[in-house]
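This is what each chain is made of:
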Amino acid sequence: MMLRKIAVIVCGISMLLTACSLQKENGSMEKKESKEDSSMDGKYEMTVEQEELLISISIDEEAVREGKLSKWQIEVLRQYDYAMDYLKKKYPSYTFKIINCEQKNKLNPYTKFGFVSESYPEGYYKMYIDVKEGEGGNIYTPEDNFYGEIKEEEFAEKLQKLMQEEFEDQIEVSTNMTCVMGKEIGEELNLDMVLQGEIKIDHSTIITVRTKVLEEEAYNKKLEQLENFIKKRKIYGSYTIEFVNESNTDEILYEDHFFN
């Protein structure tokens, strides 16, 4: 939905160009506030999704249905529109629906949006928007964690293949990517660059080695080899290495944790 267009006075072409340049560098989008935002007069047009969102976080449901919005509600809709546009650009092959919101306040340093995707009906994802005041209006800087849904399994498969090529052990890898990341970590993320240590992604990875029962010294030797494999390649992340009894998949014989 197109929000009402807001007229602004441009002080000079050079200032406008400078502002545009800065916005491109930090990946933020500037939103300008209208003097009419605080007015309750007239009817504010909304989509069904926007109306449902506002009703879920507002006290006066009737006022929302009538389109009589306060200034903070209009700001929520601005952030909603920005968030949807951000997701579409970052993940062009997917569709999303924002289902809840916690607006930035004294207790919340960021606006928080919860959203879902038709491609993963059981999933639930989060986006944080850092909101800062600029000369011409609010500046938004978003981060989200949807990338993990579409990249963590592929990352685990690639890392497992590398380790199986290096070691004779029976190795399995599983990964969780749940931390929010900015616009550079999206659908087009090159996982080979992650595995070469050129891009850092927050993740928690479990490396499972199936083995017979060994002496502690043997475990420590194998642990060192596996850790050195990760560290040599500078693959960022948090790791757990666990040795599992090859005859009983539920029995962990030995484990260690490290961060690289």
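Structure's up top.
Keep in mind it's a predicted model, so treat the numbers as computed, not measured.

A separate point is the overall build of the protein. In terms of helices and strands, the protein carries 7 helices and 9 strands. The 260 residues of the protein split such that 41% are buried. A separation of at least 24 residues holds for 62% of the contacts in the protein among residues at least 6 apart in sequence. Total accessible area on the protein is roughly 15,600 Å²; 48% of this is exposed by carbon and sulfur atoms.

Within the secondary structure, Ser70 sits in the loop between helix H3 (61–65) and helix H4 (71–90). The class for Ser70 is buried, based on a relative accessible area of 17%. Here the side chain of Ser70 touches Trp72 through a polar contact of 3.0 Å, side chain to side chain.

It is worth spelling out the pattern of salt bridges at this point. Side-chain pairs of opposite charge can arise where the charged atoms are in close proximity. Tallied over the full model, the rule gives 12 salt bridges. Here Glu61 makes a salt bridge to Arg65, at a shortest N to O gap of 2.9 Å. Remark: Arg65 and Glu61 occur in helix H3; sequence separation between them is 4 residues, near one turn of the helix. Of the residues examined, Glu61 reaches a relative accessible area of 36% and is grouped as partly exposed. Linking Asp85 and Lys89 is a salt bridge whose minimum nitrogen-to-oxygen distance equals 3.1 Å. Of this pair, Asp85 and Lys89 are both found in helix H4, 4 residues apart, which corresponds to roughly one turn of the helix. Via salt bridges that share partners, Glu51, Glu61 and Arg65 belong to a single interconnected network.

Turning next to the sheet that holds strand S6 (residues 170–176). Read from one edge to the other, the open sheet built from 4 strands follows the order S6-S7-S8-S9, with strand pairing classed as mixed. Single-partner strands in this sheet number two, and they are S6 and strand S9 (252–259). Along the sheet, successive strands turn relative to each other by an average axial angle of 15°, direction set aside. Packed onto the sheet, helix H5 (residues 147–166) meets S6, strand S7 (204–211) and strand S8 (238–245) and runs at close to 155° relative to S6. Contacts from helix H7 (residues 216–232) reach S6, S7, S8 and S9, with the element oriented near 35° to S9.

Three or more residues of helix H2 (residues 48–57) are buried, namely Gln50, Leu53, Leu54 and Ile55. For H2, the secondary structure elements touched by its buried residues are H3, H4, strand S2 (96–102) and strand S3 (111–117).

Notably, Lys234 is not glycine yet its phi reads approximately 55°, a positive angle. Relative to the assigned elements, Lys234 resides in the loop between H7 and S8.

What counts as what
- Within any chain, residue numbers begin from 1 and follow the written order of that chain's sequence.
- Totals for whole chains, interfaces and linings use all residues, but because this is a predicted model, local features are given only for residues with pLDDT of at least 70 and pairs of side-chain atoms are given and counted only at 80 or more.
- Computation of side-chain values: all heavy atoms of the structure, hydrogens and water removed.
- Working definition: helices are DSSP H or I runs of at least four residues, strands are E runs of at least two. Numbering for both runs from the N terminus.
- To sort residues, take the accessible area from a 1.4 Å probe on protein chains only and compare it with the maximum for the residue type: under 20% means buried, over 50% means exposed, and anything in between is partly exposed.
- Pairs of residues are marked as contacts when any of their non-hydrogen atoms sit within 4.5 Å.
- Accessible surface is estimated by sampling points in the Shrake-Rupley manner with a 1.4 Å probe; for residues, cover comes only from the protein chains shown.
- Residues adjacent in sequence count toward polar contacts only when both atoms are side-chain atoms; beyond that, a polar contact is any pair of N or O atoms within 3.5 Å, and within protein one must be able to donate a hydrogen and the other to accept it.
- Just to be clear on terms, a salt bridge is a Lys or Arg side-chain nitrogen sitting within 4 Å of an Asp or Glu carboxyl oxygen.
- A pair of strands counts as paired when DSSP detects no fewer than two bridges linking them.
- Axis lines are fitted to C-alpha atoms, over the contacting stretch for helices. Their N-to-C directions set the angle, which ranges from 0 to 180 degrees.

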